[in-house]
Amino acid sequence: MNKKEFIKRRKNLAEVMGENSIAILPAATVKGRNRDVEHSFRQDSDFFYLSGFAEPDAVLVIIPGREHGESILFCRERNPEKEMWDGDILGPERAIESLGFDDAFPFSDIDEILPGMIEGTDKVYYAIGLNAQFDAQVMEWVNVIRSKVRSGAHPPGEFVALEHALHELRLFKSTAEIKVMAKAAEISAAGHIKAMQRCTGGLFEYHLESALISHFMDNGARFTAYPSIVGAGDNSCVLHYIDNHHELKNGDLVLIDAGCELDCYASDITRTFPVSGVFSAEQKALYEIVLEAQLAAIEAVRPGNHWNHPHEAAVRVITAGLLGLGILKGELESLIEKESYKPFYMHRTGHWLGLDVHDVGEYKVGGEWRVLESGMALTVEPGIYISKNAKGVAKKWKGIGIRIEDDVVVTAKGHKVLSAGVPKTVEDIEALMAKG
Ligand code: GLY
Ligand code: MN
Ligand code: MN
């Protein structure tokens, strides 16, 4: 993504903040995994959205209308010794050049410089309460100013949660963002195809995970957007199953919920298919209901509809389908009203998608479901889960968990499915697996 995109985002935020204010955002920190070993570093999504800067030990500051420039980065200085061990450090000069900051200073100078920048502003925007250490740090900087009031210093009087303004901006994806998300979804879709092709009884769930991850990496996506879920048989009914260490048995379905992260943007796709390559009658009956629900929900994604419309569409099809199979008994409208589907469909039909897999943005505005607008990105992911412990259900339905999930962008006229590259009809899945 080019630096103009990041400059524009910082300008957009500065405009919403208004003058006499300052925003302060810390980079993510490196997390230890075990002795002398660290987790892979992943930049904080808010910080990355505004900066494009991928290193720890950094703070971004935005001061609307500041004479010497509105956007300032504090970051690590270059250090040949450290770089010999850990690789390239961008450093303040190159950060200005490559990411378009107005100013940049060594991180080690922040305590000297930042109180002077806060001084004289009325409002401090930051993510209050998210990180106790950073809360204390901001207060320390403010207290430096408070200690100088007798010399005429003006400490800020208001502390504002930054996320309301910032997350509203993040909710609407730019053309550049949609392009990256489409690429991420394309890579993930092809990874799902590889997993379907590799699938055969006797392998283990993690072999399919390996097919996915290897395809993601081969195609430029080093990381997954979240731990991959590969659950066969009854494991497909465990919504956040990530053990992925059980054997794949012919006769079972396997549910894969996996997506790569590309340039920090997430994709999030689920497909469910038979280990043997052929659906049983019961698996097919339930699968067709979930697919019909998903298509109805995707159809409901268009400007003017509200956030809950796709969910309502999915719930109606799933409830009617379970009623048709005799798994639910009663009258359709009253089953929907009583939420009788919930033992079998216990989650919502989707979430915002972006830098975070469960991306930021309000789902309700003024107490009402948010109206969908062009540029919003979301998942559509209905499912039916009938675990071996389900009560009051005939044995033939048990151990079947199905979810179908795609990534969708709201467009001016309707929607675009970014993850359409992976089959989802019974016929297409069986045909693909028959080829192997
Ligand atoms: N993969 C997480 C989700 O589907 O929400
Ligand atoms: Mn998912
Ligand atoms: Mn999802």
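Our subject is the structure listed above.
Owing to the predicted nature of the structure, the values given are computational and were not obtained by experimental measurement.

Criteria and cut-off values
- Every chain's residues receive numbers from 1 upward, in the order its sequence appears when written.
- Going through the entries in the order they are written, you letter the chains from A and number the ligands from 1.
- Selection of residues for local features in this predicted model requires a pLDDT of at least 70, selection of side-chain atom pairs for listing and counting requires 80 or more, and totals for whole chains, interfaces and linings are taken over all residues.
- Hydrogens are left out, water is left out, and the side-chain values use all remaining heavy atoms of the structure.
- Paired strands, as defined in this entry, are two strands with at least two bridges between them according to DSSP.
- Each helix is a run of DSSP H or I of at least 4 residues and each strand a run of E of at least 2, with the numbering of both proceeding from the N terminus.
- Axis lines are fitted through C-alpha atoms, for helices just across the contact stretch, and the angle between N-to-C directions can take any value from 0 to 180 degrees.
- Whether two residues are in contact is decided by their heavy atoms: any pair within 4.5 Å suffices.
- With water omitted from the atoms examined, metal sites may look incomplete; donors here are N, O and S atoms no farther than 2.8 Å from the metal, or 3.2 Å in the case of Na, K and Ca.
- For Phe, Tyr and Trp, rings pair up if their centres lie within 6.5 Å, where Trp contributes its six-membered ring, and each pair is then called stacked (planes under 30 degrees apart), edge-to-face (over 60) or tilted (otherwise).
- Per-residue accessibility, obtained with a 1.4 Å probe over protein chains only, is compared with the maximum for each type, and a residue is labelled buried under 20%, exposed over 50%, and partly exposed between these values.
- As a reminder, the over-ring test applies to NZ of lysine and CZ of arginine, requiring each to be within 6 Å of the ring centre and within 35 degrees of the ring normal.
- In this text, near means that some heavy atom of the residue lies within 4 Å of the molecule or strand in question.
- Any pair of nitrogen or oxygen atoms within 3.5 Å is treated as a polar contact; in protein, a donor-acceptor pairing is required on top of that, and neighbouring residues in sequence qualify only through side-chain atoms on both sides.
- Shrake-Rupley sampling with a 1.4 Å probe provides the accessible areas, and residues are treated as covered by the protein chains on show and by no other component.
- Three categories are distinguished: nonpolar for Ala, Val, Leu, Ile, Met, Phe, Trp, Tyr, Cys and Pro, charged for Asp, Glu, Lys and Arg, and polar for the others, with Gly belonging to the last.

(A) Representation of the sheet that holds strand E1 (residues 21–26) within the structure. Spatial strand order, E6-E5-E4-E1-E7-E8: 6 strands in an open sheet with mixed pairing. In this open sheet, the two edge strands, each paired with only one partner strand, are strand E6 (103–106) and strand E8 (158–161). Put simply, the sheet's adjacent strands are angled 20° from each other on average, direction ignored. Summarising the sheet, E1 and strand E7 (residues 123–126) pair through 3 bridges and their orientation is parallel. For Ile-22, the partnering residue across the bridge sits in E7 and is Val-124. Relative to E7, helix H6 (residues 132–146) is tilted by about 165°, and along the sheet it contacts E1, strand E4 (59–62), E7 and E8.

(B) Here's a closer look at the coordination of the manganese ion (ligand 2). Binding of the manganese ion (ligand 2) to the protein goes through Asp-257 (OD), Asp-257 (OD), Asp-268 (OD) and Glu-405 (OE), at separations of 2.0 to 2.4 Å. Counting along the primary sequence, the residues that act as donors to the manganese ion (ligand 2) give the motif D-x10-D-x136-E. Between the two metal centres, the manganese ion (ligand 2) and the manganese ion (ligand 3), the spacing is 3.2 Å, with Asp-268 acting as a shared donor. With Asp-257 in strand E11 (residues 253–258) and Glu-405 in the loop between strand E19 (400–403) and strand E20 (406–410), this pair connects stretches of sequence that are 148 residues apart.

(C) View of the packing of aromatic side chains. This structure, assessed with the given rule, holds 9 aromatic pairs. Between Tyr-126 and Phe-134, the aromatic rings sit 6.1 Å apart at their centres with planes inclined by 70°, giving edge-to-face as the arrangement. In this pair, the class of Tyr-126 matches that of Phe-134, namely buried. Seen in terms of ring centroids, Trp-352 and Tyr-363 are 5.2 Å apart; in terms of plane orientation they differ by 5°. Their pairing is stacked. Here the residue Trp-352 occupies a position in the loop between helix H12 (332–337) and strand E15 (364–365), and Tyr-363 occupies one in the loop between H12 and E15, the gap between them amounting to 11 residues. Note on Trp-352: relative accessible area 0%, which makes it buried. Taking the ring centre of Trp-369 as reference, the NZ or CZ of Lys-364 above it sits at 4.7 Å.

(D) The site of ligand 1, seen in detail. All residues adjacent to ligand 1 are Tyr-226, Asp-257, Asp-268, His-351, His-358, Glu-381 and Glu-405. His-351 is positioned with one of its side-chain polar atoms (N or O) 3.0 Å from an oxygen atom of ligand 1. At 3.1 Å from an oxygen atom of ligand 1 is found a side-chain nitrogen or oxygen belonging to Glu-381. When isolated, ligand 1 has an accessible area of 200 Å², and the protein chains bury 87% of it. Taken together, the residues of the shell around ligand 1 break down into 1 nonpolar, 2 polar and 4 charged.

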